[in-house]
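Per-entry structural report
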Amino acid sequence: MRYPEIVGTGSFYPSLATNEQILSVLKPKKPDGSFIEPAWLERHFGIKTRGFDFDFERGKKRSPEDDGVYDSHLAIQAARRALENAEITSDQIGSVIHVSATPDFAIFQNHFSELILALELSANAQFIHINLGCAALATAFEVVHGELLRMGGEKYVLLVASQ
């Protein structure tokens, strides 16, 4: 039996925002009621910046029409880079496992349609979505293993995690 192996990786990250920028909008408080300071985040968590697609001048999330970055955009860019890194084409993909707990829209999960169209994936490929938050990746590796066994080594599995 052949064991699963990672043949390529890819990642994508939106523009970075500083703690100061993010806290000026969110204004979270500590249990004692005081506002969280940027230095507190850095000291306790080591966080200086994070991906945060937000128009700070207008005070709102960018819309898709304003080049806003949504979960499916993160997934597509990371998947493209992984396929390129692995030197495989979309027609070699037999199954797509998508891990995310942050859909683009609350009422309609369009991840698969976005991935299929953008990556030109086969309609015959299996598509599995796992929504378990941070714990989903461990489950996803088990599902990948099962999909590889099911396909008998004829196709690749594309695992995409985006949040």
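To start, this report covers the structure provided alongside it. Small disclaimer: the values here were computed from a predicted structure and weren't measured.

Opposite charge on two side chains permits pairing when their charged atoms draw close. In this structure the tally under the stated criterion is six salt bridges. A salt bridge links Asp53 to Lys61; the nearest nitrogen and oxygen atoms lie 2.8 Å apart. Looking at Asp53, the relative accessible area reads 12%, which means it is buried. Put simply, Asp53, Lys61 and Arg62 are held in one network by salt bridges that share partners.

All right, on to the packing of aromatic side chains then. Within this structure, the stated rule accounts for five aromatic pairs. Consider the rings of Trp40 and Phe45, whose centres lie 5.7 Å apart with planes at 75°: the pair is edge-to-face. Since its relative accessible area comes to 53%, Phe45 is described here as exposed. Pairing Phe112 with Phe127 gives two aromatic rings, centres 5.3 Å apart and planes at 55°, and the pair type is tilted. With Phe112 in helix α4 (residues 111–119) and Phe127 in strand β4 (residues 126–130), the pair connects residues that are 15 residues apart, well separated along the chain. Take Phe127: its relative accessible area is 22%, and that puts it in the partly exposed class. Here the aromatic cluster, defined as three or more aromatic residues joined through ring pairs, consists of Phe52, Phe54 and Phe56. Sitting over the face of the ring of Tyr70, Lys61 holds its NZ or CZ atom 4.1 Å from the ring centroid.

Cut-offs used in this document
Residues numbered from 1 in each chain as written. Predicted model: local features only at pLDDT ≥ 70, side-chain atom pairs only at ≥ 80, totals over all residues. Heavy atoms only, no water. Salt bridge = Lys/Arg side-chain N within 4 Å of Asp/Glu carboxyl O. Buried < 20%, exposed > 50% of the residue type's maximum accessible area, 1.4 Å probe, protein only. Phe/Tyr/Trp six-rings, centres within 6.5 Å; stacked < 30°, edge-to-face > 60°. Helix = DSSP H or I, 4+ residues; strand = E, 2+ residues; numbered from the N terminus. Lys NZ or Arg CZ within 6 Å of the ring centre and 35° of its normal.

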